[in-house]
Each structure stands twice: as C-alpha cells, then as structure tokens.
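# Geometric and topological summary
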Amino acid sequence: RMQVKRVVLSSRPGNNGAPVPANFRLEETTLAPELKDGEVLVRTLYLSVDPYMRCRMNEDTGAEYLTPWQLCECVDGGGVGVVESSRSSVCAEGDVVTCFNWPWQTHAVMKGCVLQKVEPQLVDGHLSHFLGAVGITGLTALFGVREKGNITKGANQTMVVSGAAGACGSIAGQIGRLDGCVRVVGICGSDEKCRALVEDLGFSAAINYRHEDVPARLRECCPDGIDVYFDNVGGAISDTVITQMNSGSHVILCGQISQYNKDVPYPPPLSEEIQEALRSKNITRERFMVLHYMNKAEAALFELSQWVKSGQIKVLETVVNGIENMGDAFCSMMKGGNIGKQIIKVSE
Ligand code: NDP
C-alpha cells in the first residue's frame with residue numbers, strides 16, 4: 001500500500017462569505033496500487049485553483065454543469081500528472097496526462113477514459129502551462145475574444161480587460177493586441193501588476209482600481225472610447241467600463257469574480273441604468289462558456305502553443321509548492337494574490 005496525501009473539504013464558507021484556508025483539510029491515506037482493467041495510477045505534478053471552484057464550495061453550485069464538493073471528500077479540479085502504471089489503452093507509463101476532475105491528491109488511481117494525454121513538446125516541457133496558457137485558461141481567452149469580441153484588423157479598436165493581470169485576463173489582452181486592437185488597457189489590483197502588464201506583456205496602459213480614479217483614468221487611456229471589453233470581474237468596475245463603451249461595441253462576459261462570494265445568480269443582475277446603457281448603445285453582452293467550444297480546442301491549443309513558443313504571448317505564473325498549501329493558494333487567488341495563473345506544484 002502506498003501512502004498519499006489528499007485535501008478534503010472540511011467546511012463550507014456559506015453562500016455569502018469569502019473562503020478561508022480552514023475550509024480545506026489535509027489528510028493522509030493509503031492507496032491500493034493494484035489496478036483494475038481500465039485504471040491508471042498517476043502521480044500529480046501540478047494542480048490548478050480557479051474562481052469557479054468558489055461555486056463548488058456551496059451546497060448548491062447554482063450551475064447545472066458544476067457539482068458541489070462534498071464535505072470530508074477529496075476535492076478535485078484541473079490537474080496534470082504523469083502515468084506511473086496503466087491498465088488502460090488511453091495511456092502508458094511515462095505519459096503526461098491532464099483532466100478537469102483531478103483529485104487533490106499526491107497520487108491517484110483514475111479511470112483512463114477521463115484522462116487526456118498531452119504532448120510535453122507543445123509547452124517546451126513547461127507542463128504547468130497545460131493548466132494555463134496552453135490549457136483551459138488560454139482557451140477561455142482565445143474563444144472569448146474570437147467568439148464574442150468582434151475584433152477586426154485595421155479597425156482602430158480599443159480593448160479593455162478587467163482582472164487583467166490574472167490567468168485569463170493576461171492572455172486575453174495579449175490576444176486582443178495580436179488580433180488587431182491598437183490599444184489594450186488593463187484594470188487590476190496592484191501597482192506591481194500594472195507594471196507587469198505594461199512592461200512585460202505589452203499592454204498600452206494599466207489602471208490600479210484600488211488606488212486610482214478608474215473613470216478618469218479610463219477616459220485618459222481610451223481617448224477613442226472602448227470597442228471591446230473582456231470582463232472577468234463584473235460589479236462597479238464593469239459598470240464604469242460599460243458607461244464609456246462606444247455604440248455597437250462588445251462585452252465579452254467571461255466572469256464576474258467580484259460577485260462570487262455573494263448569494264446572487266450568475267450572471268448577477270445589472271442595474272436598470274447599465275441595462276439602459278447597453279440597450280441605447282446597442283452593446284452586445286452574451287453569456288460565454290469555454291466548454292461550449294471544445295470541438296475547436298485542438299486547433300486552438302496548437303495556436304496558443306505557437307504563440308507562447310515564439311514569445312508573442314508571454315506567460316505569467318504564481319507557483320506555490322506543496323499540496324498542503326492548496327487551500328491557501330485558492331483563497332489567495334480569490335483575493336488577488338496571484339500574478340498570472342495560480343499553480344500549485346505537487347511533485348517534480
Ligand atoms: P485569475 O487568475 O484572474 O484570478 C482571480 C483574480 O480576480 C485575482 O487575481 C484578483 O486580481 C481578481 N479579483 C478578485 N476579487 C476581485 C474583485 N472584487 N474585484 C476585481 N477583481 C477581483 O482567475 P482566472 O483567470 O482563472 O479567472 C478569471 C475570470 O474568468 C473569473 O471570473 C472566472 O470565473 C472566469 N472564467 C470563465 C470561464 C468561462 O468559460 N466563461 C472559464 C474560466 C474562467 P486583482 O488583484 O486584480 O483584484
């Protein structure tokens with residue numbers, strides 16, 4: 001029998017409350033390494049923490065595609081690891097595999113049919129990128145921009161990104177520029193993040209919403225108004241952006257993280273004033289879900305991989321070591337402790 005560590009949900013934060021590390025608990029357990037037909041023993045390399053997990057902490061997630069995490073049971077989410085032994089035709093010993101429902105556990109026995117084999121050469125060996133820029137995060141940014149952004153090369157468009165220094169936002173802004181926006185302005189929560197956006201990622205400007213006058217700075221940074229808004233946060237920041245958007249412009253409704261610790265439906269309702277602004281300026285704001293476009297994922301992951309390899313997209317990550325820090329890393333990400341994708345490194 002093999003000793004393993006895992007993380008279980010020990011309590012729920014409540015529908016109205018910020019998650020705390022004590023909502024999670026580390027346990028030691030044993031694993032019977034004999035595999036049944038179709039099973040695979042994997043060693044976890046990297047785990048992901050993501051905003052949608054906040055919904056899984058509630059008894060009722062509020063979304064039909066998300067199941068709640070159960071108390072005292074092993075938590076799961078995006079993960080990448082290496083196959084140590086296999087009785088599945090999907091993968092063989094030594095393969096690198098990923099899955100959206102990877103248990104927060106140092107080793108795990110999983111069904112081969114839930115695993116996807118990935119090619120390490122797509123990410124030049126940076127396997128954590130399969131959870132970020134060359135994984136679901138990159139796909140979210142790319143499909144969001146392409147399916148809902150209506151960017152046209154040569155059209156002199158301005159893009160604004162909220163949550164701009166996070167995993168999706170940092171990639172979305174770079175794609176906006178590559179696809180032809182002449183100006184890309186990020187909104188985020190610290191001066192260090194603002195500096196990274198402008199100096200490392202090539203954003204035209206960045207606004208620290210905690211310390212700056214957002215409406216005034218937006219007017220200054222977007223003299224021709226706003227044509228595309230990649231919205232990760234919702235709430236007051238988004239109301240301000242929408243107020244400055246041009247006629248016939250487009251909101252990419254990616255996420256609304258500023259409302260996730262509140263007991264409101266998704267997407268959270270807009271004020272009458274903002275709804276009227278959308279109507280009168282004929283601004284589109286359709287719900288966007290990355291999972292609706294997975295039939296195009298293979299080609300998109302290849303495109304993302306080429307951009308990262310060529311340096312046209314720069315990848316930022318915040319890496320924490322050790323499965324015992326999963327809860328800390330999740331709560332920190334929810335409060336803005338990350339620059340780029342928050343990753344937890346579980347083993348070498
Ligand atoms: P991030 O890496 O962006 O991490 C979350 C960030 O949100 C934090 O770093 C913090 O940055 C910011 N934040 C937290 N609270 C607030 C607040 N009250 N107001 C403003 N900003 C806040 O996470 P992801 O890139 O993984 O996710 C970004 C968004 O994309 C989320 O809304 C998520 O739900 C959504 N998403 C949607 C998908 C889809 O299919 N539609 C798929 C994947 C993600 P700061 O320091 O700037 O505050």
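Definitions and limits used
Residues numbered from 1 in each chain as written. Predicted model: local features only at pLDDT ≥ 70, side-chain atom pairs only at ≥ 80, totals over all residues. Heavy atoms only, no water. UniProt positions renumbered as here; feature names shortened; annotations may be inferred. Helix = DSSP H or I, 4+ residues; strand = E, 2+ residues; numbered from the N terminus. Buried < 20%, exposed > 50% of the residue type's maximum accessible area, 1.4 Å probe, protein only. Polar contact = N/O pair within 3.5 Å; in protein donor to acceptor, adjacent residues only side chain to side chain. Contact = heavy atoms within 4.5 Å. Salt bridge = Lys/Arg side-chain N within 4 Å of Asp/Glu carboxyl O. Near = heavy atom within 4 Å. Areas by Shrake-Rupley, 256 points an atom, 1.4 Å probe, with all protein chains shown as cover. Nonpolar A, V, L, I, M, F, W, Y, C, P; charged D, E, K, R; others polar. Pairing = 2+ DSSP bridges. Axes fitted to C-alpha atoms, helices over the stretch in contact; angles between N-to-C directions. Core = buried A, V, L, I, M, F, W, Y, C linked by side-chain atoms within 4.5 Å. Domains from an automatic or database assignment. Buried area = accessible area lost by both parts, 1.4 Å probe. Left-handed = near helix turned anticlockwise from the far one by under 90°.

Going by an unreviewed UniProt entry, the protein chain carries the name Prostaglandin reductase 2 and comes from Sparus aurata. Recorded in UniProt for the protein chain, the comment headed Subunit (unreviewed entry) runs: "Monomer." Turning to the protein chain, the UniProt record has this under Sequence similarities (unreviewed entry): "Belongs to the NADP-dependent oxidoreductase L4BD family."

Turning our eyes to something else, we now look at the side chain of Asn232. On the secondary structure map, Asn232 appears in the loop between β11 (226–231) and α6 (235–243). With relative accessibility at 13%, the residue Asn232 sits in the buried group. A polar side-chain atom of Asn232 sits 2.8 Å from the main-chain carbonyl oxygen of Ser162. Among residues more than four places away in sequence, those in contact with Asn232 are Val161, Ser162, Gly163, Cys168, Gly169, Cys254, Gly255, Gln256 and Ile257.

We now examine the pattern of salt bridges. In total, this model carries 20 salt bridges according to the counting rule given. Between Glu27 and Arg25 there is a salt bridge, with the nearest N and O atoms lying 3.1 Å from each other. For Arg25, a relative accessible area of 35% gives the class partly exposed. Note that Asp37 is salt-bridged to Arg87, the shortest N-O span being 3.5 Å.

Among the 27 residues in the neighbourhood of the ligand, the closest are listed as Ala167, Lys193, Tyr209, Val290 and Asn338. Measuring from an oxygen atom of the ligand, one finds a backbone N or O atom of Val290 at 2.8 Å. The contact in question runs from a nitrogen atom of the ligand to an N or O atom on the backbone of Met334, over 3.5 Å. In isolation the ligand offers 920 Å² of accessible surface; the protein chains occlude 87% of this area. Mapped onto the shell around the ligand, the elements with two or more residues apiece are α3 (167–179) and α9 (326–334). Here the residues of the shell around the ligand are counted per class, giving 15 nonpolar, 10 polar and 2 charged.

For the rest of this paragraph, the subject is the sheet that holds strand β9 (residues 183–188). The strand order across the open sheet formed by 6 strands is β10-β9-β8-β11-β12-β13, and the pairing between neighbours is parallel. At either end of the open sheet lies a strand with only one pairing partner, and these are β10 (205–208) and β13 (284–287). In this sheet, neighbouring strand axes are inclined to one another by 15 degrees on average, regardless of whether the strands run parallel or antiparallel. Summarising the sheet, β9 and β10 pair through 4 bridges and their orientation is parallel. For Val185, the partnering residue across the bridge sits in β10 and is Ala205. Along the sheet, helix α2 (residues 136–148) contacts β8 (158–162), β11, β12 (245–253) and β13; its crossing angle with β12, the most-contacted strand, is approximately 145 degrees.

Ranked by internal contacts, the top residues of the largest apolar core, which has 49 residues, are Val145, Met159, Ile175, Leu197, Phe230, Leu304 and Ile313. Counting the residues that make up this core, at least three belong to each of domain 1 (2–132 + 315–345) and domain 2 (136–291). Among the nonpolar cores identified, the runner-up in size contains 30 residues, and Met53, Val75, Trp104 and Ile344 belong to it.

Attention now moves to the domain arrangement of the protein chain. One can read the domain layout of the protein chain as domain 1 (2–132 + 315–345) and domain 2 (136–291). Look at where the C-alpha atoms of domain 1 and domain 2 centre, and you get two points 29 Å apart. At the interface, 20 residues of domain 1 touch 20 residues of domain 2. Interface of domain 1 and domain 2: buried area, both sides summed, is about 1700 Å²; carbon and sulfur atoms make up 59% of it. Counting the surface domain 1 buries against domain 2, the share from its top three residues, Tyr65, Leu316 and Ile339, is 27%. Applying the counting criterion to the domain 1 and domain 2 interface returns 0 salt bridges. Summed over the shared surface of domain 1 and domain 2, the result is 9 residue pairs in polar contact (both at pLDDT 80 or more). Per-class residue counts for the side of domain 1 that touches domain 2 are 10 nonpolar, 7 polar and 3 charged.

UniProt records the feature "domain: Enoyl reductase (ER)" (unreviewed entry) for residues 19–344 in the present numbering. Across residues 19–344, helical content stands at 27% and strand content at 27%; the span's end C-alpha atoms are separated by 18 Å.

A few words on the packing of α6 against helix α7 (residues 272–280). One can describe the packing of α6 onto α7 by two numbers: an axis separation of 10 Å at closest approach and a directional angle of 35 degrees. For the pair α6 and α7, the sense of crossing is left-handed. Only Ile274, Ala277 and Leu278 of α7 make contact with α6, whose side of the interface consists of Asp239, Ile242 and Thr243. Of the residues contributing to the contact of α6 with α7, the split by class is 4 nonpolar, 1 polar and 1 charged.

On to unusual backbone geometry, then. Put simply, Tyr266 and Pro267 share a cis peptide bond, and its omega is -10 degrees. Along the polypeptide, Pro267 turns up in the loop between β12 and α7. Positioned with a positive phi, Asp124 is a non-glycine residue whose angle comes to about 50 degrees. Within the secondary structure, Asp124 sits in the loop between β7 (116–118) and α2. The phi angle at Asn282 is positive, at roughly 55 degrees, despite the residue not being glycine. Checked against the element boundaries, Asn282 lands in the loop between α7 and β13.

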